[in-house]
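Observations on the model geometry
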Amino acid sequence: MEQVSAVRSHGGTQGVYTHHSRVTGTPMTFAVFVPDHAPGERLPVLWYLSGLTCTHANVMEKGEYRAACAEHKVIFIAPDTSPRGEDVPNVDEYDLGQGAGFYVDATQAPWSANFRMRSYIENELPDLIAREFPAADMTRQGITGHSMGGHGALTIALRNPGRFRSVSAFAPIASTLNCPWGEKALSGYLGPDRDGWREYVACALIEDGGRLPRLLVDQGTADPFLAEQLRTDLLQNACDAAGMTATIRLQEGYDHSYFFISTFMAEHVVWHAASLHGAP
């Protein structure tokens, strides 16, 4: 692991790091904010997964999480959305290829060699964080994300029961089985067998028995992707049918941008901190 940059902010250190991933076969970059803390003190971790076209930099520069993370002693980790590089497959469309990893392990050529974001986020990067950041208490983790990253946060948490004490999302893609983004990405990365997609579909995982201990979702009512791509209604229906407690809030007049995310980011950090600093 190499440090790309480190700056002081809000009583903590915002760092950017790179390493060679054995999982993706490429260099990978991620951002970590570590609040000031006493020697030997260990802090809980909050993962943030970004959306289509984004890198670690979008939330780092526009997410406005550092003040709340510093106040509530939470480490904030923001990985990239896909492998990148000249030798990594790509297409001209924004919703497939580089910047659009969808947090899956691809099985189809040409994607399968590099596009293994599920294994990277679930296994390789957490192992690296545990080794390189001694203040990170990996027994206390929460996860959140935006849009495609909200899909990633929900599906990763549902597939790994007990790993995350709290889960939230901003405008998540709730059912990749039922939207153009999901159908394009999952058919491209995984092939035409829709039954094989279910482990990457939040609503399907809930229908199949997956449960979350705490779920908070914020969705803007002026989001242009709400009706066709995000399908928050299907997430609410799946939670209701399963009897799973979820706080799903429609925020009047907000869109899909970081103006929306930054408005509610501190509230999400505080919400996660309550679980991360409390009893399991």
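See the structure shown above.
Residues numbered from 1 in each chain as written. Predicted model: local features only at pLDDT ≥ 70, side-chain atom pairs only at ≥ 80, totals over all residues. Heavy atoms only, no water.

Comments concerning the overall build of the protein
Rules: Numbering of helices and strands runs from the N terminus, with a helix taken as a DSSP run of H or I at least four residues long and a strand as a DSSP run of E at least two residues long. Atoms counted for the radius of gyration: C-alpha only. Globule rule: 2.2 Å times residue count to the power 0.38. Every residue pair with non-hydrogen atoms within 4.5 Å of one another is taken to be in contact. All accessible areas in this document rest on Shrake-Rupley with a 1.4 Å probe, and a residue is counted as covered only by the protein chains that are shown. Residues counted as positive are Lys and Arg, residues counted as negative are Asp and Glu, and His and the chain ends are not counted. By convention, the point assigned to a charge is CZ for Arg, NZ for Lys, CD for Glu and CG for Asp.
Secondary structure assignment for the protein yields nine helices and nine strands. For 280 residues, the compact-globule formula gives about 19 Å, and the C-alpha radius of gyration of the protein, at 17 Å, lands near that figure. Referenced to the eigenvectors of the C-alpha coordinate spread, the extents of the protein come out at roughly 50 × 45 × 35 Å. Long-range pairs, those at least 24 residues apart, make up 72% of the contacts in the protein between residues at least 6 apart in sequence. Only carbon and sulfur atoms are counted for the fraction: they give 49% of the accessible area of the protein, which is about 11000 Å². Mean positive and mean negative side-chain charge positions of the protein (21 and 32 charges, respectively) differ by 7 Å.

Quick look at the packing of aromatic side chains
Formally: Only Phe, Tyr and Trp rings take part, Trp by its six-membered ring, and two of them pair if their centres are within 6.5 Å. Stacked means planes under 30 degrees apart, edge-to-face means over 60, and tilted covers everything else. In this scheme, a residue with accessible area under 20% of its type's maximum is buried, one over 50% is exposed, and one in between is partly exposed, where area comes from a 1.4 Å probe on protein chains only. Whether a charge lies above a ring is judged from NZ of Lys or CZ of Arg, which has to be within 6 Å of the ring centre and within 35 degrees of the ring normal.
A full pass over the atoms with the stated rule returns 13 aromatic pairs. Aromatic side chains Trp181 and Phe225 sit 4.9 Å apart centroid to centroid with 45° between the ring planes, which places their arrangement in the tilted category. One end of the pair, Trp181, is in helix α5 (residues 180-190); the other, Phe225, is in the loop between β8 (215-220) and α7 (226-230), and 44 residues separate them in sequence. Take Trp181: its relative accessible area is 3%, and that puts it in the buried class. On the numbers, 5.1 Å between centres and 70° between planes, the contact of Tyr254 with Phe264 is edge-to-face. Here Phe264 lies in helix α9 (residues 258-276) and Tyr254 lies in the loop between β9 (247-251) and α9, a separation of ten residues in the sequence. Relative accessible area serves as the criterion here: at 29%, Tyr254 is assigned to the partly exposed category. In this structure Phe264 comes out as buried when scored by relative accessible area, which is 8%. Of the aromatic side chains, those joined through ring pairs into one cluster are Phe33, Tyr48, Tyr65 and Phe76. The aromatic ring of Tyr65 is capped on one face by Arg66, whose charged end is 4.9 Å from the ring centroid.

Some words on the pairing of strand β4 (residues 43-49)
Let me state the cut-off plainly: Only when DSSP finds a minimum of two bridges between them are two strands counted as paired.
A large share of β4 lies buried, amounting to seven of its seven residues. As defined by bridge partners, β4 adjoins strand β6 (residues 136-145) across six bridges and the pair is classed as parallel. Paired with Leu49 across the strands is Gly145, a residue of β6.

Brief notes about empty space enclosed by the protein
To keep it simple, the criterion reads: Computed over the protein atoms alone on a 1 Å grid, cavities are sets of points where a 1.4 Å probe fits but cannot get out and pockets are open sets with protein on both sides within 12 Å along at least five of seven lines; a residue lines them when it has an atom within 4 Å of a point. Grid points are joined across faces, edges and corners, and a volume is the space filled by probe spheres set on the points. Note on residue categories: nonpolar means Ala, Val, Leu, Ile, Met, Phe, Trp, Tyr, Cys or Pro, charged means Asp, Glu, Lys or Arg, and polar means any other residue, Gly included.
One pass over the structure, following the stated rule, counts one cavity of 30 Å³ or more. Taken as a whole, the largest cavity encloses approximately 40 Å³ of empty space. Counting residues per element, the ones that place at least two in the lining of the largest cavity are α3 (117-132) and β6. Of all the elements, α3 adds the most residues to the lining of the largest cavity, at three residues. Of the residues in the lining of the largest cavity, the class split is six nonpolar, one polar and two charged.

Section: helix α4 (residues 148-159)
Operational definition: Expected helix span is taken as 1.5 Å per residue step, with the number of steps being one fewer than the number of residues.
Between its first and last C-alpha, α4 extends 16 Å over twelve residues, near the 16 Å set by a 1.5 Å rise per residue. With twelve of twelve residues buried, α4 is to be regarded as a mostly interior element. Among all positions in α4, only Met148, Gly149, Gly150, His151, Gly152, Ala153, Leu154, Thr155, Ile156, Ala157, Leu158 and Arg159 are buried.

Here's the deal with the nonpolar core
Stated precisely, the cut-off is as follows: Here, nonpolar core refers to any group of buried Ala, Val, Leu, Ile, Met, Phe, Trp, Tyr and Cys residues whose side-chain atoms link them within 4.5 Å.
In terms of nonpolar packing, the biggest core is built from 92 residues, with Phe76, Phe102, Ile129 and Tyr189 touching the most fellow members. Ranked by the residues each element gives to this core, the list is headed by α9, at eight residues. Sequence-distant contacts of Phe76, that is, excluding residues within four places in its chain, are made with Ala31, Val32, Phe33, Leu46, Tyr48, Val59, Tyr65, Cys69 and Met265.

Structural notes on the pattern of salt bridges
Rules: Salt bridge, as applied in this entry: a Lys or Arg side-chain nitrogen positioned within 4 Å of an Asp or Glu carboxyl oxygen.
Using the criterion set out here, one finds 15 salt bridges in the structure. Linking Arg118 and Glu122 is a salt bridge whose minimum nitrogen-to-oxygen distance equals 3.5 Å. Of the two residues, Arg118 and Glu122 are both situated in helix α3; the distance of four residues between them amounts to about one turn of the helix. For the pair Arg118 and Glu122, one class covers both residues: buried. One salt-bridge network, held together by shared partners, links Arg118, Glu122, Arg159 and Glu199.

Some points on the environment of Thr18
What counts is decided by this rule: Polar contacts here mean pairs of N or O atoms no more than 3.5 Å apart (in protein, one a potential hydrogen donor and the other a potential acceptor; neighbouring residues in sequence count only if both atoms are side-chain atoms).
Looking at where Thr18 falls in the secondary structure, it is placed in strand β2 (residues 12-20). Taking the relative accessible area as the measure of exposure, Thr18 reaches 18% and is therefore buried. For the pair formed by Thr18 and Val4, sequence separation is 14 residues and the distance between their alpha carbons is 6.8 Å. Leave out the neighbours within four places in its chain, and Thr18 touches Met1, Glu2, Val4, Pro27, Met28 and Thr29. Looking at Thr18, its side chain comes within polar contact range of the main-chain oxygen of Met28, at 3.2 Å.

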